[in-house]
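# Topology and contacts: notes
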Amino acid sequence: LMAAEYIMAQGNGDVILCERGIRTYETATRNTLDVAAMPVLKRETHLPVMVDPSHAEGRAYLVAPLAMAAVAAGQVLCLGNSNPIRDADLAPVASAPVPVFANRGLSGIDGSLSTAIGVALATGAPTTLLCGDLAFFHDSGALAIGPTEPRPDLRVVVADDSGGSIFATLEYAQPRFAAAFERVFATPTGLDPVALAAAYGVPVRRVTSLAAAAEALSEPVVGLEVLVVGIDRSGRAEQARRIATGT
């Protein structure tokens with residue numbers, strides 16, 4: 001960083017920092033890619049930061065996963081309430097975890113998009129929000145960003161299960177309540193999140209497979225976009241039971 005400051009002090013502001021790996025005693029790769037340097041540099045400097053995983057590792061099969069790891073390390077994660085934050089709690093914790101933000105309050109799903117937009121603008125880091133379709137609909141007005149307002153680097157990932165699937169894991173989902181469950185607890189809106197995002201002029205797409213979702217999530221977060229992932233909640237209660245019992 002001091003070398004970069006010296007260059008800029010001489011009148012050259014076209015400086016990009018590049019992590020290319022460091023020499024260690026590791027023999028499995030050419031160099032050791034310091035992924036942890038990404039969030040540190042994002043915090044310490046305004047300069048753009050890039051990673052060259054091919055130079056660091058020297059093996060073709062390592063380039064893609066290390067590139068995705070570097071992107072993730074420099075990002076911020078926001079979680080919607082209800083199932084998304086509970087599902088994320090079950091995921092393995094990375095060795096260099098990213099900052100995570102979530103709302104709490106009287107109604108936790110309110111303001112999810114607005115919070116994520118504020119986090120992305122305040123941190124200046126590429127940000128991903130994982131939320132359900134109800135949380136997305138509740139705060140969809142946040143997508144109406146005026147032409148003179150700053151726009152965040154934010155990817156909104158909508159887990160679209162047509163309602164609130166968290167209630168499918170509770171006693172309300174018992175067969176004896178079936179007649180009232182959808183209207184009173186699941187509360188599907190019948191809205192299409194793709195059409196709603198498009199109405200605000202926000203780039204949006206729907207993915208229909210895990211492979212397509214993984215590919216979309218590996219892309220850099222640039223500007224504001226919405227990614228809709230269809231979720232089937234019909235087996236949610238059984239899935240929760242298997243996770244809880246380890247079966």
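Quick look at the structure, then.

Mapped onto the secondary structure, Asn81 falls in the loop between β3 (76-79) and α5 (83-89). Polar side-chain contacts of Asn81 include one of 2.8 Å to the backbone oxygen of Asn103.

Extensive coverage of strand β8 (residues 224-230) is indicated by the burial of six of its seven residues. Where strand β6 (residues 154-160) lies against β8, seven bridges are found, and the strand directions are parallel. Among the inter-strand pairings, Arg155 is bridged to a residue of β8, identified as Glu225. Two strands pair when backbone bridges link them, and strand β7 (residues 204-207) and β8 are joined in this way by four bridges, in the parallel orientation. Across the sheet, Arg205 pairs through a bridge with Leu227, a residue of β8. Viewed along the sheet, the connection from β7 through helix α10 (residues 210-217) into β8 turns out right-handed.

This part takes up the environment of Pro84. Inspection of the secondary structure assignment puts Pro84 in helix α5. Given a relative accessible area of 8%, Pro84 falls into the buried group. Placed 28 residues apart in sequence, Pro84 and Ala56 show a C-alpha to C-alpha distance of 35 Å. Those residues in contact with Pro84, other than ones at most four positions away along the chain, are Leu79, Leu130, Cys131 and Gly132.

Before going further, it helps to examine empty space enclosed by the protein. Enumeration according to the criterion identifies one cavity of 30 Å³ or more in this entry. Within this model, the largest cavity holds a volume of roughly 60 Å³. Along its surface, the largest cavity is lined by 12 residues, and Leu79, Ala102, Asn103, Ser112 and Thr115 are the ones closest to its centre. Of all the secondary-structure elements, those providing two or more residues to the lining of the largest cavity are β3, β4 (100-102) and α6 (112-123). Per-element tally for the lining of the largest cavity: the top contributor is α6, with three residues. Residues belonging to the lining of the largest cavity are distributed by class as follows: six nonpolar, six polar and no charged.

What follows deals with the sheet that holds β6. Taken in spatial order, the six strands make up an open sheet running β4-β3-β5-β6-β8-β7, and their pairing is parallel. Single-partner strands in this sheet number two, and they are β4 and β7. Direction aside, the axes of adjacent strands within the sheet are offset by 20° on average. Pairing analysis gives four bridges linking β3 to strand β5 (residues 127-132), with the strands arranged parallel. Across the sheet, the residue bridging to Leu79 is Leu130, located in β5. Of the strands in this sheet, β3, β4, β5 and β6 touch α6, which is tilted by about 170° from β5.

What follows covers the pattern of salt bridges. Evaluation of the coordinates by the stated rule reveals five salt bridges. With its nearest N and O atoms 3.3 Å apart, the salt bridge here joins Arg206 to Asp192. Of this pair, Arg206 sits in strand β7 while Asp192 sits in the loop between α8 (178-186) and α9 (193-199), placing them 14 residues apart in sequence. The partly exposed category is assigned to Asp192, whose relative accessible area is 36%. The residue Arg205 makes a salt bridge to Glu225 at a minimum N-O spacing of 3.9 Å. Pair noted here: Arg205 is in strand β7 and Glu225 is in strand β8, with a separation of 20 residues, a long-range link. On the basis of relative accessible area, Arg205 is assigned to the partly exposed category, the value being 30%. Within the structure, one salt-bridge network assembled from shared partners comprises Arg155, Arg205, Glu219 and Glu225.

Parameters and conventions
- Residues numbered from 1 in each chain as written.
- Predicted model: local features only at pLDDT ≥ 70, side-chain atom pairs only at ≥ 80, totals over all residues.
- Heavy atoms only, no water.
- Helix = DSSP H or I, 4+ residues; strand = E, 2+ residues; numbered from the N terminus.
- Polar contact = N/O pair within 3.5 Å; in protein donor to acceptor, adjacent residues only side chain to side chain.
- Buried < 20%, exposed > 50% of the residue type's maximum accessible area, 1.4 Å probe, protein only.
- Pairing = 2+ DSSP bridges.
- Right-handed = clockwise from strand over helix to strand, strands pointing away.
- Contact = heavy atoms within 4.5 Å.
- 1 Å grid on protein atoms, 1.4 Å probe; cavity = no way out; pocket = protein on both sides within 12 Å on 5 of 7 lines; lining within 4 Å.
- Points joined across faces, edges and corners; volume = space filled by probe spheres on them.
- Nonpolar A, V, L, I, M, F, W, Y, C, P; charged D, E, K, R; others polar.
- Axes fitted to C-alpha atoms, helices over the stretch in contact; angles between N-to-C directions.
- Salt bridge = Lys/Arg side-chain N within 4 Å of Asp/Glu carboxyl O.

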